[in-house]
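# Topology and contacts: notes
One letter stands for each residue in the lines below.
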Amino acid sequence: MSESTGRRRRRAAVRGGRRSLGIRTLRVVVWTVSSALLLGCGATWYAYHTLINGLMTSDALDAVRKKAPPRLDNAVNLLLIGLDSRKDMNGNDLPRKFVQRELHAGSSSIGYYNTNTLILMHIPAGGGRVQAFSIPRDDYVQTLNGDGSVQGHFKIKEAYGNAYTGAHDKYARQGVKGAELEARSREAGREATLATVQDFSGVPIDHFAEVNLLGFYDIAKVLQPITVCLNHPVEDRYSGADFPAGVQQLNARQALAFVRQRHGLDAGDLDRTRRQQAFISSVTHQLKSQGVWSSPSKLQGLFDAVKKDIVLDSSWNVLDFAQQATNLTGGNVVFHTLPIEGFATRSGQEVNLVDPEKIKAMVRQEFGATPSPTATAAGAATVAPAIVDVHNGNGAEGEASAALSYLAGLGYTAGTTGNAAARPATTVAYGPGAQQAAQQIAGRFKAAAPAAGSTVPVGHVLVTLGENFALPGPRASSPAATESGSSPPADSGPAVKAGGVPCVN
């Protein structure tokens, strides 16, 4: 073998060794990354299943998805259900002394399976402001069963109980007993509530959470003291509420009284709805301040304390949601209350009259739907940008909500409603950057030329209704809204903005 041939072989051997080293190094990197991914996935799997272990889940959404309204976008619609039941998850009455002394809720025969709290939240896929609507429990609507069949016209809170009763009787005749009978009957109640809310709101529901009175009490017990704020002092023997005005801290028993009081409040149930919104805002703010959302161990502790009282839909990944929950705690949530058209008596019960088509339009508008052709024809595509606040100074109840709904339907951004001192004529004031919108609105309401308002925020228009106010064009009508014997509409009140401790009535 020549000297040159030997040199070539030695160089090839070196190159081969380098290639072998490179391959071995690559294998180590691939193995390391793969192992890290597997360990990461395993840890995530373990954390998730540890978190949900023992948590009750429901497949109720499976029954209503086929008939759900079309999606508006990729956002998540979440329904919070508060059940006014004094029973445990197996259908057993809660101890009488506990119900009376701690819950201040009468007896286990009261409340049945009414959904006294219904809050529909729209959480944008890419972050941003979360819009939430509370549905007043006494809204008189067409209620449905989970299969889409019609129950009839009832208070929306009764959809759950109606379906529960029908299912309970059916399964009992089939010989089903005990906890299984209760579980199947409640599942029918959930399906009915989900189907009814989807039909009423016109949007699909992606996830839901259900909690009863005991669950609320247990949650409050874990989180106490809970900070709230009241505009005025209150005292109510029915709920046990006895609080001064201002910021204060409540224990679990007091927190339940805080969200249940309706007697002695100016707007009754509507004020109670805003109490519930304020409570959610305070609690989420508190959890963020304590670092619960970002700490799996703290989240685990919270879930361990309350999981026996909460039901979540089976497709909801609570770990992912908890990691995204900071979007719900930084002032990015605005709570609205769906408007009513007035009050009436139906089948011996006092009910809220509603306009279903107006409700659907309002929800779709706030949830980001494209305005309808009718709204576009009316000028929604050409309105100047502005947030509109409406104050009622004409003495007739409900006019502020009606005016704000009308303007939102045209394409303006809905702000808040409120009351003002009586005045003969409607006025329009604007903040910096909103003069064009103010001129358009003044023209529609036949008001005097708008004026710059020193206290009106940037980009806002403030409309104060006077005695001469008349809503342009025909009012939206529905059979419920036009029946005789009903009272005028009532304002749903100002929105409650999360991100701290809001003061409410």
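Just so you know, these numbers come straight off a predicted model, no measurement behind them.

## With respect to the sheet that holds strand β16 (residues 387–392)
Read from one edge to the other, the open sheet built from five strands follows the order β17-β16-β20-β18-β19, with strand pairing classed as mixed. Two strands close off the open sheet at either side, each with one partner strand: β17 (413–419) and β19 (451–452). Pairing of β16 with β17, which is carried by five bridges, proceeds in the parallel orientation. Its bridge partner lying in β17, V388 is registered against A414.

## Notes on the pattern of salt bridges
Applying the stated criterion to the full structure yields eleven salt bridges. The residue K157 makes a salt bridge to D138 at a minimum N-O spacing of 3.6 Å. Pair noted here: K157 is in the loop between β6 (150–155) and α4 (158–173) and D138 is in the loop between β4 (130–134) and β5 (140–144), with a separation of 19 residues, a long-range link. The class of D138 is buried, set by a relative accessible area of 12%. Its salt-bridge partner being R186, residue E182 comes within 2.8 Å of it at the nearest N-O pair. Placement of both E182 and R186 in helix α5 (residues 178–201) is noted, with a separation of four residues, approximately one turn of the helix. Comparing E182 with R186, the two get one shared label, buried. Salt bridges sharing common partners tie together R137, D138, K155 and K157.

## Observations regarding the side chain of S58
Considering the arrangement of structural elements, one finds S58 in strand β1 (residues 56–58). Polar side-chain contacts of S58 include one of 3.0 Å to the backbone nitrogen of A60. If near-sequence neighbours (up to four positions away) are discounted, S58 is found in contact with E187, R190, F208, V311, L312, D313 and S314.

## Points about the sheet that holds strand β11 (residues 246–250)
The three strands are arranged β11-β8-β22 in an open sheet whose pairing can be described as mixed. Because the sheet does not close on itself, it has two edges, and the strands there are β11 and β22 (503–504). Pairing of strand β8 (residues 226–230) with β22 involves two bridges; the strand directions are parallel. The residue bridging L230 from the neighbouring strand is V504, located in β22. Set on the sheet, helix α8 (residues 269–289) makes contact with β8 and β22; between it and β8 the angle comes to about 140 degrees.

## Focus: the packing of aromatic side chains
This structure, assessed with the given rule, holds six aromatic pairs. Taking 6.3 Å as the distance between ring centres and 5 degrees as the angle between the ring planes, the aromatic pair formed by Y113 and Y160 counts as stacked. Taken as a pair, Y113 in the loop between α3 (96–101) and β3 (115–123) and Y160 in helix α4 lie far apart in primary sequence, 47 residues in all. In this pair, the class of Y113 matches that of Y160, namely buried. Relative to F469, the ring of F445 has its centre 5.2 Å away and its plane inclined at 80 degrees; by these criteria the two rings are edge-to-face. Of this pair, F445 sits in the loop between α14 (435–444) and β19 while F469 sits in the loop between β20 (460–465) and α15 (479–482), and the two are 24 residues apart along the sequence.

Criteria and thresholds
Residues numbered from 1 in each chain as written. Predicted model: local features only at pLDDT ≥ 70, side-chain atom pairs only at ≥ 80, totals over all residues. Heavy atoms only, no water. Pairing = 2+ DSSP bridges. Helix = DSSP H or I, 4+ residues; strand = E, 2+ residues; numbered from the N terminus. Salt bridge = Lys/Arg side-chain N within 4 Å of Asp/Glu carboxyl O. Buried < 20%, exposed > 50% of the residue type's maximum accessible area, 1.4 Å probe, protein only. Polar contact = N/O pair within 3.5 Å; in protein donor to acceptor, adjacent residues only side chain to side chain. Contact = heavy atoms within 4.5 Å. Axes fitted to C-alpha atoms, helices over the stretch in contact; angles between N-to-C directions. Phe/Tyr/Trp six-rings, centres within 6.5 Å; stacked < 30°, edge-to-face > 60°.

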